[in-house]
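Remarks on the overall topology
Chain by chain, the residues:
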Amino acid sequence: MLLFLPLISFSQSTVSLYDTKELVDIGKKTDYLEDPNSDFTISEIVTNEFGDKFKPNSQETINFSSTASSYWLRFKVTNETLETFYLNVGSAYIDSISLFEFDEKGTLLSSRYTGDDLPFSTREVEVGNYLFKLNIDKDTTHTFYLKVKCDQPLFFLLRVGTLPSFAAYEHDLDFLQGIYFGFMLLIFLYNLFLYISIRERIYLYYIAYVLSITWFGASVFGYFFEYFWADYPFLNKWVVISAGLTMITATLFTQQFLNTKESGSRLHKISMIFLIIGFLVCALVMLGFKIEGLKLSQVGLLAMSAYFLILGIRFKLKGFRPAIYYLLAWGALIMGICFAILESLNITPVMTYLNAMQIGSAFEVLLLSFALGDRINMYKKQKEKAQLKALISAKENEKLIQEQNFILEQKVEERTAVIALRNKELVDLNKEKDMLVSMVAHDLSTPLHQMKGSIWLLDIPNMTLSGDQEMYLNEINNSVDRLTTMIGRILDTQALETKTIKLVKETLDIVELVEYVGKCFDLIAKDKQITIEVEAMMGTHLVEIDKNYMIQVLENLLSNAIKFSHKEKVVVLKVHSFDGKTYVIVEDNGPGISEEDQKKLFGKFQKLTAQPTAGESSTGLGLSIVKKYVEAMGATIHCESTLGEGSQFVITLESKNGLLKVGG
């Protein structure tokens, strides 16, 4: 539909198109008007009220810096040829573009809308920059109104030319951009390979830094939008995040490269400020404050680069050799950032094919790669020097050790001779001790047997005695019994230690022995109202043992079970045979034995936490003798006990060949 608007007349230079080979910059022949709230319509713009407010643009580059406003551009174009011309808006990341074309009579011929906020397919010609076909016949003049808005720095070249001339320009642009991005990809892959090979975190920070810079550059020229998310324009709003990520990764890389954490806490704390700014930039962009985030990133990147430049100088003065490359790298980047900011502030002209940030970043990543390589070489040489020093030190130590070993060997021989002499003296003393113990024990046994016989002859039950007299005589009798038992165990212990014990092994059914010992303790058990039970699995249980010693073992274990059981309880003697083993188990329902006591259970003269339930005496030798007797017969013994639930003493013996197979 054609609209007729009251197009005003205005005095403005006209762009004359007569050269079909060259691109024509029309920035200086353009008027502009700021639209602070982005609410002016084309119907209002073409009226006298707004027409007089347009101001002439004084530079070839259209540059409005970072702004939240929309801008209207007005220009006239006269075609003096038969060729078809195109208008080029030389920026790939303008959010919104509206182009209105009027003929000489003020008729609105076309309205076209595109930009980063719309899918890539809305562009008339699908290239990174914006191209609009100008439908101007020969020797006619059309007036154009161009509305642009961008939340990022709004500066671009405005040019007119034929399609072949733009194709030639795009060819040169893509060639140079291909060199840049190919170089950045090469640096990225090379350092990624190094990271995979040596697993140093600094390379991870570095490749993340290279990736963030490359992301920003590819977004500025529209390559990511064109090739990766052409149908998802909302992703273009996140481009500025790459500036925040650049600050974060650059700071992490610098902290690791210069080791600021160990070199000085103040230097490290200051660098943390740029980490915070980087995260803040990302947060502002994600919350929709892109202009504020962009301005903060510009200031932050410039301040960060300056600070890192100062750090490089400081570490170079300290003698850190790789700092020279680091210093040159940040010097190159800071120059690129400065020129990029000056471009965005409309102080310097805009570069055509590559921007200053790209050139500075390319030099920077190259120099940083040199710095990393030099750092590796430096540490390698330091390591080699340290290894050489360690080798020399090791040889000196080896010589010293040999000398010390010679001295020690002499001293050891002297001490060994002394120890051997002392050991011989101890052996002699031990023999004298054993002889003395044996003599004393035998000498004590005779009078004790006489005392025991005298007490038996007194026939205490048939004597007329007072209560106290009978009690004293019974106490004497019990004391003689205890002393006799103690002397017997001392002699048993001595025999075991001196290995004078002589075993007389025979093969017998262990059940018969167990039943015999159980009957022997019936009277003692009845005194405490304790029941003794014998449980044996079906069949015979043949073992090869010394009968007398096994009786002593069972007596000792059964005596302990009765001592430590309460009245009206049951003590069980069990016999099981399976898998070539015979097990004799003495089980009681006493207080149980703690884990701590179980560790010292079979030691000599050990006093345990649990005590006999009726105040019976205990020498602390019984279980040590039991263990030695059991082991002397080629068997083993162990205890299984839970505190408060009783105990089991398990003797494990080898079953003799020919034993009937019994199950259980």
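What counts, and at which threshold
- Residues numbered from 1 in each chain as written.
- Predicted model: local features only at pLDDT ≥ 70, side-chain atom pairs only at ≥ 80, totals over all residues.
- Heavy atoms only, no water.
- Helix = DSSP H or I, 4+ residues; strand = E, 2+ residues; numbered from the N terminus.
- Contact = heavy atoms within 4.5 Å.
- Buried < 20%, exposed > 50% of the residue type's maximum accessible area, 1.4 Å probe, protein only.
- Pairing = 2+ DSSP bridges.
- Salt bridge = Lys/Arg side-chain N within 4 Å of Asp/Glu carboxyl O.
- Phe/Tyr/Trp six-rings, centres within 6.5 Å; stacked < 30°, edge-to-face > 60°.
- Lys NZ or Arg CZ within 6 Å of the ring centre and 35° of its normal.
- UniProt positions renumbered as here; feature names shortened; annotations may be inferred.
- Expected span 1.5 Å × (residues − 1).
- Axes fitted to C-alpha atoms, helices over the stretch in contact; angles between N-to-C directions.
- Parallel < 35°, antiparallel > 145°, perpendicular 65-115°, else oblique.
- Left-handed = near helix turned anticlockwise from the far one by under 90°.
- Lys, Arg positive; Asp, Glu negative; His and termini not counted.
- Polar contact = N/O pair within 3.5 Å; in protein donor to acceptor, adjacent residues only side chain to side chain.
- Patch = residues over 30% accessible without salt bridge, like charges linked within 9 Å, V, L, I, M, F, W, Y side chains within 5 Å.
- Areas by Shrake-Rupley, 256 points an atom, 1.4 Å probe, with all protein chains shown as cover.
- pLDDT = per-residue confidence, 0-100.

Moving on, we get to the overall build of the protein chain. What the protein chain contains, in helices and strands, is 17 helices and 20 strands. Excluding contacts between residues fewer than 6 apart, the proportion of contacts in the protein chain whose partners are at least 24 apart in sequence is 77%.

With that settled, the discussion passes to the pairing of strand 2 (residues 14-17). Across the two faces of strand 2 the burial differs, with Val15 and Leu17 buried and Thr14 and Ser16 not buried at all. As judged from the 4 bridges shared by strand 2 and strand 7 (residues 70-79), these two strands associate in the parallel manner. Paired with Ser16 across the strands is Thr78, a residue of strand 7.

Turning next to the pattern of salt bridges. All chains considered together, the criterion is met by 9 salt bridges. Where Glu544 meets Lys656, a salt bridge forms, and the shortest distance between an N and an O atom there is 3.6 Å. Of this pair, Glu544 sits in strand 16 (residues 542-546) while Lys656 sits in the segment after strand 20 (646-654), and the two are 112 residues apart along the sequence. As a salt-bridge pair, Glu631 and Lys627 come within 3.0 Å of each other at their nearest N and O atoms. Of the two residues, Glu631 and Lys627 both sit in helix 17 (residues 622-632), 4 residues apart, roughly one turn of that helix. For Lys627, a relative accessible area of 26% puts it in the partly exposed group. In this structure, a network of salt bridges that share partners links the residues Glu101, Arg112 and Glu124.

Phi angles above zero are rare outside glycine, and Asp139 is one such case at about 60 degrees. Here Asp139 lies in the loop between strand 11 (130-134) and strand 12 (140-149). Judged by relative accessible area, Asp139 falls into the exposed class, the value being 53%.

What follows concerns the packing of aromatic side chains. Across all of its chains, the model carries 21 aromatic pairs by this definition. Aromatic pair Tyr32 and Tyr71: ring centres 6.3 Å apart, planes at 50 degrees, arrangement tilted. Here Tyr32, found in strand 4 (residues 31-35), pairs with Tyr71, found in strand 7; they are 39 residues apart in sequence, far enough to count as distant. Owing to a relative accessible area of 23%, Tyr32 belongs among the partly exposed residues under this scheme. With a centroid separation of 5.7 Å and 35 degrees between ring planes, the pair formed by Phe274 and Tyr307 is classed as tilted. Taken together, the residues Phe274 in helix 8 (residues 265-286) and Tyr307 in helix 9 (residues 290-317) connect sequence positions 33 residues apart. Tyr307 shares its class with Phe274; the two are buried. Grouped by ring-pair contacts, the aromatic residues Tyr32, Phe64 and Tyr71 constitute a single cluster. Taking the ring centre of Phe50 as reference, the NZ or CZ of Lys53 above it sits at 5.0 Å. Taking the ring centre of Tyr169 as reference, the NZ or CZ of Arg159 above it sits at 4.3 Å.

Turning our eyes to something else, we now look at the UniProt feature "transmembrane region" (unreviewed entry) in the protein chain. The UniProt entry lists residues 175-196, 203-225, 237-258, 270-291, 297-317, 324-342 and 354-373 under the feature "transmembrane region" (unreviewed entry), expressed in the numbering used here. Structurally, residues 203-225 is divided into 91% helix and 0% strand, and its ends, taken at the C-alpha atoms, are 28 Å apart. For residues 270-291, the end-to-end C-alpha separation is 26 Å, with 86% helix and 0% strand making up the annotated structure.

Time to look at helix 9. Counted at 1.5 Å a residue, the expected span for helix 9 with its 28 residues is 40 Å, and the 40 Å between its end C-alpha atoms agrees. Note on helix 9: the residue one or two positions beyond its end, Gly319, has a positive phi of about 100 degrees.

Further remarks concern the sheet that holds strand 19 (residues 636-642). Across the sheet, which stays open at both edges, the 5 strands sit in the order 15-17-18-20-19 with mixed pairing between neighbours. The open sheet terminates on both sides in strands that have one partner only, identified here as strand 15 (531-536) and strand 19. Ignoring which end each strand starts from, the neighbouring axes of this sheet average 15 degrees apart. Bridge count for strand 15 against strand 17 (residues 570-578) is 6 bridges, and the pairing is parallel.

This part is about the environment of Glu83. By the element assignment, Glu83 lies in the loop between strand 7 and strand 8 (85-89). The spacing of Glu83 and Lys138 is 55 residues in sequence and 8.1 Å in space, taken between C-alpha atoms.

Between the first and last C-alpha of helix 3 (residues 163-198) there are 51 Å, a value that for 36 residues agrees with the 52 Å anticipated at 1.5 Å per step. Where helix 3 terminates, the next one or two residues include Arg199, which has phi positive at roughly 60 degrees.

What follows deals with the packing of helix 4 (residues 201-220) against helix 6 (residues 241-258). The contact between helix 4 and helix 6 brings their axes to 8 Å, and the two run at 155 degrees. In terms of their interaxial angle, helix 4 and helix 6 are classed as roughly antiparallel. The handedness of the crossing between helix 4 and helix 6 is left-handed. Taking contact as the criterion, the partners of Arg201, Ile202, Tyr205, Tyr206, Ala208, Tyr209, Ser212, Ile213, Trp215 and Phe216 in helix 4 are, on helix 6, Ile241, Ser242, Leu245, Thr246, Thr249, Ala250, Leu252, Phe253, Gln256 and Phe257.

Take the side chain of Asp509 next. Topologically, Asp509 is positioned in strand 14 (residues 505-509). Put simply, Asp509 is tucked away with no salt bridge, and the nearest opposite charge, on Lys547, sits 12 Å away. For Asp509, the side chain forms a polar contact with the main-chain nitrogen of His541, separated by 3.3 Å. The contact partners of Asp509, leaving out residues within four places of it in the chain, are Thr540, His541 and Leu542.

What follows is about a nonpolar patch on the surface. A contiguous nonpolar patch, built from Tyr232, Phe234, Trp238 and Met286 and spanning about 450 Å² of accessible area, is present on the exposed surface. When you line up the elements, Trp238 lands in the loop between helix 5 (223-227) and helix 6.

So, on to the environment of Trp229. The topology assignment puts Trp229 in the loop between helix 5 and helix 6. Under the relative-accessibility criterion, Trp229 is labelled buried at 15%. If sequence neighbours within four positions are ignored, Trp229 has contacts with Trp215, Phe224, Leu235 and Asn236. Reaching out from Trp229, the side chain makes a polar contact with the side chain of Asn236 at a distance of 3.0 Å.

This part takes up the side chain of Ser165. Position of Ser165 relative to the elements: it lies in helix 3. Setting aside residues no more than four positions away along its own chain, Ser165 makes contact with Thr20, Lys21 and Leu23.

A packed helix pair is summarised by two numbers, namely the angle formed by the two axes and the spacing between the axes. Relative to each other, helix 6 and helix 9 sit at 15 degrees, their axes nearing to 10 Å. As the angle between them shows, helix 6 and helix 9 are arranged roughly parallel. The element helix 6 and its partner helix 9 pack so that their crossing is left-handed. Judged by residue contacts, Ala243, Thr246, Met247, Ala250, Thr251, Thr254 and Leu258 of helix 6 engage Ser297, Gly300, Leu301, Met304, Phe308, Leu311 and Phe315 from helix 9.

Our focus in this paragraph is the confidence of the model for the protein chain. Per-residue confidence for the protein chain gives a mean pLDDT of 80, with 82% of residues at or over 70. Contacts of residues 1-8 to residues separated by more than four positions or lying in other chains number 25 contacts, the stretch itself having pLDDT below 50. Across residues 659-664 the pLDDT falls below 50, and counting only partners more than four positions away or on other chains, this stretch makes 13 contacts in the model.

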